[in-house]
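Understanding the architecture of this molecule
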Amino acid sequence: SSRWLPTWNVSGAWNVHEEAFFEDLRPTLSNLTLKASYSLTADRGPANVTNSRVVISSFNPWRPFTSVKESGLQIDDLENSELTYEKKHELNIGAEIGFLDNRINLAADWYKRDNYDLIGAINTMGIGGQVMKYANVASMKSHGIEFTLSTRNIVTKDFKWNTDFIFSQAKNEVTDLETNTRILDMVIGSGFTMKGYPVRSLFSIDFQGLNEEGLPTFINESGTLTVTDLNFQSRVKDYLVYEGPTDPTITGSFGNTFSYKGFKLNVFMTYSFDNVIRLDPVFKNWYSDLAAMPKEFKNRWTQSGDENTTNIPVIADRRLNQEYNHLSYAYNAYNRSTARVAKGDFIRMKEISLSYDFPKSWIAPLKFNNLSLKLQATNLFLIYADKTLNGQDPEFFN
């Protein structure tokens, strides 16, 4: 309903290094720019949500003979007249500073955002023909900083060493949410949210260790210790355990480039911190001969007493599956419990490359303008990661 609403942006920058008084600060300070902006922008939201007006499409109804085919019209989406675009107010403040004839360059930015009219699914009484429909159901606030530091550490005729460091921190919080989702949506690895939490938060079922038969036990919505009395469709969520955001709040990179005559060595690392990961859901109440089991299974419960030293459940046999109704509930809950969460922090050796540019005098007889040789390796190894991952890649979501 606000498809063509006015959007606006006010911004400005001051190139301080162009002022006359700045000459007294050189060469210690060689560049200084201050900038700021404030805006209102709109976003269409999810691409599949378009029905502020009724959406009608054509189709061919089934007929027993092709000779009596005719076209028809059908309603794909009912009119949702109150639906409007997602909106955002954003304030940005930044600076670019150069030191020592720009041998050291620093760029820093801070932002604050207020998002509102965010679109999501909501359950209604069904008046109008839909029990579940999309609506403007949420608001969110966020803020963050980012700075980039670039330095030319050594500059000689034959040798150069440059460094680039990027640091970014971003946090958000849902301030309003008019939806009531299921337990299952809250505990899967992609994350969901509630009012007062980050937009993609991970919640877990409260794991309470293994019982004397090696089966996992949990606290359910009634506060009772149980193995299988669990309702994943329940909308009572106050017994879940908040683990943290699934999106990292700190990200960045660190790179060094070394040049000597025609050789160039690039060493580039990335890092990410302050998020949690749901470990792969590999546990079941039964397995086929085709199942590939991870290393955790070496430490599983195998005999009475192991529940005191391990939290890896037993491989259930036929007797246990007959003794417990819906034993699959226990293993599904274990996959989505506090026992199956790891920190997403990591530092990765992202790339190492070595290149050589052949001298012009060598390649001129070959009629080449330039010729180079490069050896490159990417995603070599993790310098640091949570041991709980057991080899699972912290950047890969299964």
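To start, this report covers the structure provided alongside it.

Conventions and cut-offs
Residues numbered from 1 in each chain as written. Predicted model: local features only at pLDDT ≥ 70, side-chain atom pairs only at ≥ 80, totals over all residues. Heavy atoms only, no water. Core = buried A, V, L, I, M, F, W, Y, C linked by side-chain atoms within 4.5 Å. Buried < 20%, exposed > 50% of the residue type's maximum accessible area, 1.4 Å probe, protein only. Helix = DSSP H or I, 4+ residues; strand = E, 2+ residues; numbered from the N terminus. Contact = heavy atoms within 4.5 Å. Patch = residues over 30% accessible without salt bridge, like charges linked within 9 Å, V, L, I, M, F, W, Y side chains within 5 Å. Areas by Shrake-Rupley, 256 points an atom, 1.4 Å probe, with all protein chains shown as cover. Salt bridge = Lys/Arg side-chain N within 4 Å of Asp/Glu carboxyl O. Lys, Arg positive; Asp, Glu negative; His and termini not counted. Charge placed at Lys NZ, Arg CZ, Asp CG, Glu CD. Polar contact = N/O pair within 3.5 Å; in protein donor to acceptor, adjacent residues only side chain to side chain. Phe/Tyr/Trp six-rings, centres within 6.5 Å; stacked < 30°, edge-to-face > 60°. Lys NZ or Arg CZ within 6 Å of the ring centre and 35° of its normal. Pairing = 2+ DSSP bridges.

What about the nonpolar core?
- The biggest cluster of nonpolar side chains holds 30 residues, and the ones touching the most others in it are Leu215, Phe218, Leu240, Leu327 and Tyr331.
- Elements represented by at least two residues in this core include exactly α1 (183-187), β10 (206-210) and α3 (327-335).
- Ranked by the residues each element gives to this core, the list is headed by α3, at 5 residues.
- If we ignore the near neighbours within four places in the chain, the residues touching leucine 240 are Ile183, Met186, Val187, Phe203, Ser204 and Ile205.
- With 5 residues, the next largest nonpolar core counts Leu118, Ile122, Val137 and Met140 among its residues.

Overview of a positive patch on the surface
- Among the surface-exposed residues, Arg152, Lys160, Lys264 and Lys374 lie close enough to one another that they form a single positively charged patch.
- Here lysine 160 lies in strand β8 (residues 159-177).
- Judged by relative accessible area, which is 41%, lysine 160 ranks as partly exposed.

A short note on the side chain of histidine 17
- Tracing the sequence through the fold places histidine 17 in the loop between β1 (8-15) and β2 (29-43).
- A residue is classified by how much of its surface remains accessible, and histidine 17, at 18% relative accessible area, is buried.
- In this structure the side chain of histidine 17 is engaged in a polar contact, spanning 3.1 Å, whose partner is the backbone oxygen of leucine 32.
- In this structure, histidine 17 is in contact with Phe22, Arg26, Ser30, Asn31, Leu32 and Thr33, ignoring residues within four places of it in sequence.

Focus on the pattern of salt bridges
- Under the criterion given, the structure shown has 14 salt bridges.
- A salt bridge links glutamate 395 to arginine 348, with the nearest nitrogen and oxygen atoms 2.8 Å apart. Placement of glutamate 395 in the segment after β19 (372-385) and of arginine 348 in strand β18 (residues 346-357) is noted, with a sequence separation of 47 residues between them.
- Judged by relative accessible area, which is 5%, arginine 348 ranks as buried.
- Overlapping salt bridges, with partners in common, bring together Lys88, Glu90 and Arg113 in one network.

Brief notes about the packing of aromatic side chains
- Inspection of the entire model under this criterion finds 19 aromatic pairs.
- Between phenylalanine 283 and phenylalanine 297, the aromatic rings sit 5.0 Å apart at their centres with planes inclined by 10 degrees, giving stacked as the arrangement. Remark: phenylalanine 297 occurs in the loop between β16 (276-278) and α2 (318-323) and phenylalanine 283 occurs in the loop between β16 and α2; sequence separation between them is 14 residues. Of the two residues, phenylalanine 283 and phenylalanine 297, neither departs from the other in class, the shared state being buried.
- Among the aromatic residues, those joined into a cluster by ring pairs are Phe147, Phe165, Phe167, Phe254, Tyr271 and Phe273.
- Residue placement shows arginine 113 over the ring face of tyrosine 111; its charged tip is 4.2 Å from the ring centre.
- The ring of phenylalanine 346 carries the charged tip of arginine 348 above its face, separated from the ring centre by 5.5 Å.

Some thoughts on the sheet that holds strand β11 (residues 216-219)
- The 3 strands lie next to each other as β10-β11-β12, forming an open sheet whose pairing is antiparallel. Unpaired on one side and paired on the other, β10 and β12 (225-226) mark the two borders of the sheet.
- Both β11 and β12 contribute to a ladder of 2 bridges, which runs antiparallel. Bridge pairing links phenylalanine 218 to threonine 226 in β12.

Looking at unusual backbone geometry
- With omega at 0 degrees, the peptide bond leading from arginine 26 into proline 27 counts as cis.
- In this structure, proline 27 sits in the loop between β1 and β2.
- The backbone phi angle of asparagine 102 is positive, close to 65 degrees, even though this residue is not glycine.
- In this structure, asparagine 102 sits in the loop between β5 (86-99) and β6 (104-123).
- Located in the positive-phi region is aspartate 117, a residue other than glycine, with phi close to 60 degrees.
- Mapped onto the fold, aspartate 117 is located in strand β6.
- Exposure remark for aspartate 117: the relative accessible area of 24% places this residue in the partly exposed category.

Things to note about the pairing of β6
- Looking at chain direction, β5 and β6 are connected through 13 bridges and run antiparallel. Of the residues in β6, the one forming a bridge with leucine 91 is lysine 112.
- With antiparallel pairing between neighbouring strands as the criterion, β5 and β6 make up a hairpin whose turn holds 4 residues, including leucine 100 at a positive phi of roughly 55 degrees.
- Here 18 bridges tie β6 to strand β7 (residues 132-155), and the two strands are oriented antiparallel to one another. In the strand pairing of β7, asparagine 115 is matched with methionine 140.

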